[in-house]
Amino acid sequence: MVRHLNKAQNSSDGFTISPWPVLRNSIVHTCDSARPHTVYGSTQIDFTDAYERILEVRRATRVAVSIHAFVLGCVAKAATEFPMLRSHRQGKNLVRFDTVDVGTIIDQFASDAMRTRLPVLYIVRDADRKSIAQINWELRAAARRDLGQDPMMKFRRRLSRLPQLAQKVIFRRLMNDPWKHRQVFGTFGFTSIQSPGYNHPAHAFVTNICNGTVAMGNLHQSFLPDAEGRPVLRRVLDISGAFDHDYIDGMLIMAFGRLVTKLIMGGYGLDEEFIRETRELASAEKAAKMTQGPEGK
């Protein structure tokens, strides 16, 4: 028996029927656009020293430092050294962008009464030219903004409500046009499945719609050999990557991975300059709030 229902309806048979959430359509079409020649790889990085440095700058600035922002900044800095990771084929031509725009997922709250949490695609423009402090502050501000005012969310909502055929045509154009792809998705992908408090390894092998997408896995404790080969308990970060083999080969993928590892283990950008920049950003935000007064809250 086929049930035709227009609104959510509970059944005594043990199930609930409700409308399909239209915003999921954009996820469906994005997955349909995955690069067909993707290769995957994963590794683990000793995150102990970087973690201690994050705690130090947190204490110095009294501002939360996002591991997501830190690793994203390291990935963007490494990607700028490999031009094919910021290139896009258009027919017989190769369009190479000067900077790395990283598309990532952040949690935002909808402006409805329930304050629903939804994942939203946010693009850190020119991420390779920004400091870790700037990226951290930008993602912090983006996560606090009203979901209803986000231009990308408005676009996704309009697109998701179009007929299925129109959605597929528009997504195909977005994927094939280098400049539109950069505008809507960025030139490099970054996501995270980190689960604080879950002390077990976890890797993610994600859908890749760019030349490269890095997935930050879980941060957990594990035994690693020290300089004498003795096992010591360290903080370990799982990390995975998906790369379009049409653009980049295995040797360059390994070189990119080594550079990312070096930057993360060395605590790239978590220095005195980070503290100075963050303090300036915090002071500027405080001054802006005081200028706006109660009406600006």
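Residues numbered from 1 in each chain as written. Predicted model: local features only at pLDDT ≥ 70, side-chain atom pairs only at ≥ 80, totals over all residues. Heavy atoms only, no water.

Caption draft 1: Spotlight on the layout of surface pockets. Roughly 600 Å³ of internal volume is contained in the largest pocket. In this structure, the largest pocket is lined by 27 residues; those nearest its centre are I27, T30, I105, L121 and I209. Those elements giving two or more residues to the lining of the largest pocket turn out to be α1 (24-32), β6 (102-109), β7 (117-124), α5 (151-160), α6 (164-176), α7 (178-185) and β8 (188-192). No other element matches α1, which puts five residues into the lining of the largest pocket. For the lining of the largest pocket, the residue count by class is 17 nonpolar, eight polar and two charged. (1 Å grid on protein atoms, 1.4 Å probe; cavity = no way out; pocket = protein on both sides within 12 Å on 5 of 7 lines; lining within 4 Å. Points joined across faces, edges and corners; volume = space filled by probe spheres on them. Helix = DSSP H or I, 4+ residues; strand = E, 2+ residues; numbered from the N terminus. Nonpolar A, V, L, I, M, F, W, Y, C, P; charged D, E, K, R; others polar.)

Caption draft 2: Region of interest: unusual backbone geometry. Despite not being glycine, R62 shows a phi value in the positive range, around 60°. With respect to the secondary-structure elements, R62 resides in the loop between α2 (48-61) and α3 (67-79). Phi at D126 takes a positive value of approximately 50°, unusual for a residue other than glycine. Turning to its location among the elements, D126 is positioned in the loop between β7 and α4 (132-144). A residue is classified by how much of its surface remains accessible, and D126, at 31% relative accessible area, is partly exposed. (Buried < 20%, exposed > 50% of the residue type's maximum accessible area, 1.4 Å probe, protein only.)

Caption draft 3: Local environment of α2. Over its 14 residues, α2 extends 20 Å from the first C-alpha to the last, a length consistent with the 20 Å expected when each residue adds 1.5 Å. Turning to α2, the residues buried within the fold contact β3 (38-46), α3, β9 (212-225), β10 (231-244), α8 (250-265) and α9 (272-292). A positive backbone phi angle near 60° is found at R62, which sits one or two residues after α2. (Expected span 1.5 Å × (residues − 1). Contact = heavy atoms within 4.5 Å.)

Caption draft 4: Spatial organisation of the pattern of salt bridges. Taken as a whole and judged by the stated rule, the model has 13 salt bridges. With a shortest N-O distance of 4.0 Å, R53 and E272 are connected by a salt bridge. With R53 in helix α2 and E272 in helix α9, the pair connects residues that are 219 residues apart, well separated along the chain. Owing to a relative accessible area of 57%, E272 belongs among the exposed residues under this scheme. With a shortest N-O distance of 2.6 Å, E280 and R276 are connected by a salt bridge. Of the two residues, E280 and R276 are both situated in helix α9; the distance of four residues between them amounts to about one turn of the helix. (Salt bridge = Lys/Arg side-chain N within 4 Å of Asp/Glu carboxyl O.)

Caption draft 5: Representation of the pairing of β10. The sheet contact formed by β3 and β10 spans nine bridges and is antiparallel. For T38, the partnering residue across the bridge sits in β10 and is D244. Looking at chain direction, β9 and β10 are connected through twelve bridges and run antiparallel. Among the inter-strand pairings, A215 is bridged to a residue of β10, identified as S240. The hairpin formed by β9 and β10 contains five residues between the paired strands, and G229 there has a positive phi angle of roughly 85°. (Pairing = 2+ DSSP bridges.)

Caption draft 6: Broad picture of the side chain of R35. Along the chain, the position of R35 falls in the loop between α1 and β3. Side-chain polar atoms of R35 contact the backbone oxygen of I209, separated by 3.3 Å. Look past the residues within four positions of R35 in its chain and what remains in contact with it is H88, H181, N208, I209, C210, N211, D244 and Y247. (Polar contact = N/O pair within 3.5 Å; in protein donor to acceptor, adjacent residues only side chain to side chain.)

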